[in-house]
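A look at the structure
Given next are the chains, with one letter for each unit.
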Amino acid sequence: MQLSTLWRQSSAFRMGVSISIATGLYGISFGALGVAAGLSVWQTCALSLLMFTGGSQFAFVGVVAGGGAGVAALGAASLLGVRNAVYGMQMAALLGPKGLARLLSAQLTIDESAATALGQADKTEQQRGFWTAGVGVYVLWNLFTAAGALLGNALGDPSRWGLDGAAVAAFLGLLWPRLKGREPIALAVAAAAVAMLAVPMVPPGIPILIAAVLGGVWGYCTRSSGQAPRAAGGAA
Amino acid sequence: MNTETVAQIGAHWWLWVLLASAIAYATKLLGYGVPARWLHHPRMARVAGSLTIALLAALTAMNTFASGQQLVLDARLAALVVAAIALTLRAPFLVVVVLGAGASAAVRWWM
């Protein structure tokens, strides 16, 4: 099918393309923050090519920027990636890819591709939505990461340009859509408070992992009394 | 951060970049492998959701107030406030990030 026909006939394709552009563009902020944190241009690009899950990538460079150890950066990124396993389960049930397609779709399983697929009613549209958003975000996210990393490198001293402020805004922007209802807000406040209390007591990076443990225990112990945290794009 | 420090920390980060990327992929692939009935266990989704919120909240707070092992108030607080206002007004992500950078750069310029 031609792309123009696909554009006219498939709402999943249109949604996938728009989400790719919107998400891909902010790869530029990730690229700039990666080099501002102290990673090289290639390391920053490698994160987008290989890790390819925005939240975890931001977490990784967030810990690097704060002077945290490698193991803390790895821990924060890995814990933030846990939700991708939930998306993976949903995509396996929804799309049922086999062999090579399964290996490829695993790499492309992120918030955006899962959400686009889950938003469709029939099987063909779910497939189109997943692959359009997955491939689209992958290509653009990586292009704009490279652009941002090169730009960040050229800018020099990161704090002069307010790049540390950009990191703050980026994390708040990632958190914001998840703060629907009283419970997630209470959890966010508690997690931030616990992390700050831990700052003078433990090495950099570790307060973030302590907050993660709090979040995990919170999710395990709370009953889904009405406002459960919106976990997986309207999953469960 | 000066160029010397950047070069020093540069090399050892490769190991962590690659290791963390391998774990990220394994996590995604793991999801495709677990039995579908696990999907119906809402506790799994709740844990993943709460983890995400707690981590992002902690990352926001750390990037605003932490400086090594100290808590400080500096130009980054302006970024937090401006970003919160922009998000309340439903500004797109990229605009929020640019405004955050502008806020902390402007405060530093003044002080």
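Residues numbered from 1 in each chain as written. Chains lettered and ligands numbered in written order. Predicted model: local features only at pLDDT ≥ 70, side-chain atom pairs only at ≥ 80, totals over all residues. Heavy atoms only, no water.

Comments concerning the overall build of chain A
Our working definition: Only DSSP runs of H or I with at least four residues qualify as helices, and only runs of E with at least two residues qualify as strands; both kinds are numbered from the N terminus onward. Only C-alpha atoms enter the radius of gyration; for comparison, a globular chain is expected to reach 2.2 Å times N to the power 0.38, where N is the number of residues. Relative accessibility under 20% of the residue-type maximum defines a buried residue, over 50% an exposed one, and the middle range a partly exposed one, all with a 1.4 Å probe and only protein chains included. Contacts were defined at the residue level, with two residues in contact if any of their heavy atoms lie within 4.5 Å.
When you go through chain A residue by residue, the secondary structure sums to 13 helices and 0 strands. In chain A, the succession of α and β elements from N to C terminus is α-α-α-α-α-α-α-α-α-α-α-α-α. By the compact-globule yardstick of 18 Å for 236 residues, chain A fits well, its C-alpha radius of gyration being 19 Å. Dimensions of chain A along its principal axes, counting C-alpha atoms only, are 60 × 50 × 30 Å. When each of the 236 residues of chain A is scored for burial, the buried share is 54%. For chain A, restricting intrachain contacts to residue pairs at least 6 apart in sequence, the fraction spanning at least 24 positions comes to 72%.

Structural notes on the interface of chain B and chain A
To keep it simple, the criterion reads: For this document, the term salt bridge refers to a Lys or Arg side-chain nitrogen within 4 Å of an Asp or Glu carboxyl oxygen. Polar contacts here mean pairs of N or O atoms no more than 3.5 Å apart (in protein, one a potential hydrogen donor and the other a potential acceptor; neighbouring residues in sequence count only if both atoms are side-chain atoms). Throughout this entry, Asp, Glu, Lys and Arg are counted as charged residues, while Ala, Val, Leu, Ile, Met, Phe, Trp, Tyr, Cys and Pro are counted as nonpolar. The remaining residues, Gly among them, count as polar.
At the interface, 70 residues of chain B touch 100 residues of chain A. Linking chain B to chain A there are 1 salt bridge. Where chain B touches chain A, the interface holds 16 residue pairs in polar contact (both at pLDDT 80 or more). Within the residue set of the side of chain B that touches chain A, elements represented by two or more residues are α1 (3-33), α2 (42-65), β2 (70-71), α3 (75-88) and α4 (93-110) of chain B. For the side of chain B that touches chain A, the element with the highest residue contribution is α2 of chain B, accounting for 24 residues. Within the side of chain B that touches chain A, the residues separate by chemical class into 48 nonpolar, 17 polar and 5 charged.

Looking at the side chain of Thr53 of chain A
Residue position: Thr53 of chain A is located in the loop between α4 (41-51) and α5 (54-65). Every residue in contact with Thr53 of chain A, bar those within four places of it in the chain, is listed here: Arg83, Asn84 and Ile110 of chain A together with Ala24 and Lys28 of chain B.

Some words on the environment of Ala24 of chain B
Residue position: Ala24 of chain B is located in helix α1. Ala24 of chain B sits in the buried class, given a relative accessible area of 9%. Placed 54 residues apart in sequence, Ala24 of chain B and Ala78 of chain B show a C-alpha to C-alpha distance of 33 Å. Each residue touching Ala24 of chain B, except ones within four places of it in the same chain, is listed here: Met51 and Thr53 of chain A.

Observations regarding the pattern of salt bridges
Following the criterion strictly, the structure yields 5 salt bridges over all chains and no others. Across the pair Arg128 of chain A and Glu125 of chain A runs a salt bridge whose closest N-O atoms are separated by 2.8 Å. One end of the pair, Arg128 of chain A, and the other, Glu125 of chain A, are both in helix α10 (residues 123-155), 3 residues apart, so they sit about a helical turn from each other. Residue Arg108 of chain B pairs with Asp164 of chain A through a salt bridge whose shortest N-O separation is 2.6 Å. On the criterion of chain membership, the pair formed by Arg108 of chain B in helix α4 and Asp164 of chain A in helix α11 (residues 163-175) is interchain, its members lying in two chains. Among the ionic contacts, a cluster of salt bridges with common partners joins Arg83, Asp111 and Arg178 of chain A.

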